Amino acid sequence: DLAGSTGLGERLPPRDLQALMSRYYDIVENAVEAEGGVVIKFLGDGVLAMFPASISGPAHPARACTAARNVIAALRSAPLEGGTVRIGVNSGEVMIGDIGAAHHYSVDALGDAVNVADRLQALAKTLFPNGREIVMVGEATRDHPSANTMLYEECGVQLIEGRDVPISVSRLVI
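The present account deals with the structure reproduced in this document. (Residues numbered from 1 in each chain as written. Predicted model: local features only at pLDDT ≥ 70, side-chain atom pairs only at ≥ 80, totals over all residues. Heavy atoms only, no water.)

The secondary structure content of the chain amounts to six helices and nine strands. A compact globule built from 174 residues should have a C-alpha radius of gyration of about 16 Å, and the chain, at 16 Å, falls within 12% of that. If one aligns the C-alpha atoms of the chain with their principal axes, the spans along those axes are about 45 × 45 × 35 Å. Put simply, the chain has 174 residues, and 43% of those count as buried. In the chain, the proportion of contacts linking residues at least 24 apart, taken out of those at least 6 apart, comes to 56%. As displayed, the chain has an accessible area near 9300 Å², and 52% of this comes from carbon and sulfur atoms. Looking at the chain, you have 14 positive and 21 negative side-chain charges, and the mean spots of the two groups are 6 Å apart. (Helix = DSSP H or I, 4+ residues; strand = E, 2+ residues; numbered from the N terminus. Rg over C-alpha atoms; globule rule 2.2 N^0.38 Å. Buried < 20%, exposed > 50% of the residue type's maximum accessible area, 1.4 Å probe, protein only. Contact = heavy atoms within 4.5 Å. Areas by Shrake-Rupley, 256 points an atom, 1.4 Å probe, with all protein chains shown as cover. Lys, Arg positive; Asp, Glu negative; His and termini not counted. Charge placed at Lys NZ, Arg CZ, Asp CG, Glu CD.)

Written out as structure tokens, the structure reads:
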């Protein structure tokens, strides 16, 4: 999520906003693909990316965290106006495929892991309101053997919006 994009949309002419968002999408897509991930879709100012084990291998949780770090590193070296980025990383079973109605559909991903990743990204704003580069990580990613060499700051057990069962949440140390 590129935080502040609504305000940018208010201030910038549409072509300038398009150029800024295209640069942001390029940064994210390059970081994701370099780690064996796949961009599923662009969602306004956000990106849904997956790291399927069948493509990126058994270390897919670590690869997702590395991609998130690389997005932040790229934005530090070539800042964007607005520049606040919040990323949610979670692991779990998802379904990827054509989703929609009979005459209108798109490729998408569904499953609790996707929903939790989205909510983790949103939770970053609540837990770190002044944070500019926040990567929130769910327990399924943090506890995966491939990701246990990463450094995390524990954020406690949080009730994620829309879920009945709370999860342990961490911030990836950049």
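In this section: the pattern of salt bridges. Taken as a whole, this structure holds nine salt bridges when the rule is applied. Across the pair Glu-35 and Arg-63 runs a salt bridge, and its minimum N-O distance is 3.7 Å. With Glu-35 in the loop between helix H2 (14-34) and strand E2 (38-43) and Arg-63 in helix H4 (residues 60-77), this residue pair connects regions lying 28 residues apart in the sequence. Residue classification places Glu-35 among the buried residues on the basis of a relative accessible area of 16%. (Salt bridge = Lys/Arg side-chain N within 4 Å of Asp/Glu carboxyl O.)

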